[in-house]
Amino acid sequence: MDHQRRKFLKVSGLAVSGLGVMESFAAGQLGKQEVGPSFQDPARFQITKNMKEAYQVALNVLKPSKSQLEHGLELHKDAVVVDCYGFMPRAAVDGERMKKAVEENASPLELQDMQEDMSMTRFVEIQRETEEFINAWKASGVTCVIQNSGEEGSAIERLLKRLSRFTYATDWMKDILMKAVTPEDILLAKEQNKHSLYFTGNGVPLPQDWVSVEEELRYIRVFFQLGIRMMHLTYNRRNMIGDGCGEPIDAGLSDFGRAVVKEMNRVGVIVDISHSGWQTSLDAAKFSDKPMVASHSTVNSLYPHFRAKPDNVIKAIADTDGYMGICCIPWYLGGSGDIASLMQHIDYMVKKFGPDRVAIGTDVAHNSQYASEENKKIPGYRKPRNRWEALWPDPEKEFTTSKEMTQSLAWTNWPLFTVGLVQMGYSDETIRKILSGNVLRVARAAIK
């Protein structure tokens, strides 16, 4: 690690003992070395091989002192922690069932639906996946995930598919997992040693009949009633609302898009411009009466990227009393592409816009340790063309994502994100704002 990163992270060179502290943390008590997979004790979890490797990579980057590590872990354990855009742990698919479907010439869409359904629900039904699911939640220390619960786009039937899967999970795993419909439900989950999902959709549901503006808007309230609390205005491409961040020209919010923003404000749905063009984002901020967000993005001033936001857009978000969530995608973060880069983007936000304007929206998931063995059972099959929303412009410069980058930003490394915030000298009050306070403030304002 170079001198600047060492200086930035205020490192102390005591990472060798760090994993031992993590193991004690996993056992439910710092200083106690026994680690066991006790799912009765809310503080205990089992450090799997993959988790251990990811912890070690992140610790090698951060190099916290023993006191920084212990304070960060204890603060993380005590705090309400909200991933402001992400995915709860994913199950492994049933490889034999997928293999049979491939051999029977199932369509790419059918295979995609099977894969999604199994990864999003098998922990409800399969014991080893249930244990893996609970263990990953505990390792992360996350109270709530603002869960991507709608496939990208505006088609109502497509948005319903993912929503049904996460509703199914919360319906059948109530002892572990709550569906949060208000911010207070998130706090209740913490009090009850449970975890929760606060649903977001990756598009605004529209019938797309284009009879009238009012008729096109009516499903926003329907999806709010089903539990959706945040929606993307666009996803990379241009739609009838505005231009996405992947388009070469950004004409901004349409006349219809203004009506959409106003209806989302009225109903109580948070406006999310993570995948919107910069002018579309500025227009949305101008017309929104409620706080809006970029739930999972990065700072363009630190590393130019079409999914990042420039300072004027971030200021526009801040002026609505909103926040930007920094994601855990190395390709978006740039620089070293690891947990140090995550901290640099957060620090820029705090210093430039204040501690009320930043959260962490990882945009990554924990995958079951059994996923690899199940995936090996599936024979190769014809892949579909890129779907409509997947407009990912070629990068202007090469960025190679390494395994170590991804490991350092693993979802189960959430406690080390808090350790990194401690290392930057933030007060506990500021850290709690970043971990959940800012998200809860905006969520309350949306449905007030």
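Below or above, wherever it landed, is the structure these notes cover. (Residues numbered from 1 in each chain as written. Predicted model: local features only at pLDDT ≥ 70, side-chain atom pairs only at ≥ 80, totals over all residues. Heavy atoms only, no water.)

Summing up its helical and strand segments, the chain has 19 helices and nine strands in all. By the compact-globule yardstick of 22 Å for 448 residues, the chain fits well, its C-alpha radius of gyration being 21 Å. Classification of the 448 residues of the chain by burial places 59% in the buried group. Carbon and sulfur atoms make up 50% of the accessible area of the chain, which totals about 18400 Å². Across the chain, the centroid of the 55 positively charged side chains sits 3 Å from that of the 57 negatively charged ones. (Helix = DSSP H or I, 4+ residues; strand = E, 2+ residues; numbered from the N terminus. Rg over C-alpha atoms; globule rule 2.2 N^0.38 Å. Buried < 20%, exposed > 50% of the residue type's maximum accessible area, 1.4 Å probe, protein only. Areas by Shrake-Rupley, 256 points an atom, 1.4 Å probe, with all protein chains shown as cover. Lys, Arg positive; Asp, Glu negative; His and termini not counted. Charge placed at Lys NZ, Arg CZ, Asp CG, Glu CD.)

Glancing now at the packing of aromatic side chains. Overall, the coordinates contain 13 aromatic pairs when judged by the stated rule. Above the ring of phenylalanine 87, the side-chain terminus of arginine 90 is found at 4.7 Å from the ring centroid. The aromatic ring of tryptophan 388 is capped on one face by arginine 237, whose charged end is 4.4 Å from the ring centroid. (Phe/Tyr/Trp six-rings, centres within 6.5 Å; stacked < 30°, edge-to-face > 60°. Lys NZ or Arg CZ within 6 Å of the ring centre and 35° of its normal.)

The geometry of helix H2 (residues 18-26) relative to helix H4 (residues 66-78) is characterised by a closest axis approach of 10 Å and an angle of 25° between their N-to-C directions. Taken together, H2 and H4 sit at an angle that is classed as roughly parallel. Here H2 and H4 pass one another in a crossing that is right-handed. Here Gly18, Val21, Met22 and Phe25 of H2 lie close against H4, whose contacting residues are Lys66, Leu69, Glu70, Leu73 and Lys77. (Axes fitted to C-alpha atoms, helices over the stretch in contact; angles between N-to-C directions. Parallel < 35°, antiparallel > 145°, perpendicular 65-115°, else oblique. Left-handed = near helix turned anticlockwise from the far one by under 90°. Contact = heavy atoms within 4.5 Å.)

The next thing to look at is the pattern of salt bridges. Taken as a whole, this structure holds 28 salt bridges when the rule is applied. Here arginine 128 and glutamate 374 are joined by a salt bridge, their closest N and O atoms 3.1 Å apart. Of this pair, arginine 128 sits in helix H7 (residues 127-140) while glutamate 374 is found in helix H16 (residues 371-375), placing the two residues 246 residues apart along the sequence. If you follow the salt bridges from partner to partner, you end up with Asp113, Glu116, Asp117, Glu151, Glu152, Arg158, Lys161, Arg162, Arg165, Arg387 and Glu389 in one network. (Salt bridge = Lys/Arg side-chain N within 4 Å of Asp/Glu carboxyl O.)

Attention shifts here to the pairing of strand E7 (residues 293-297). Of all five residues that make up E7, five are buried, and the element is covered over most of its length. Sheet topology places E7 next to strand E8 (residues 323-326); three bridges connect them, and they run parallel. Paired with alanine 294 across the bridge in E8 is methionine 324. The parallel pair E7 and E8 is bridged by helix H13 (residues 311-319), and the resulting crossover is right-handed. (Pairing = 2+ DSSP bridges. Right-handed = clockwise from strand over helix to strand, strands pointing away.)

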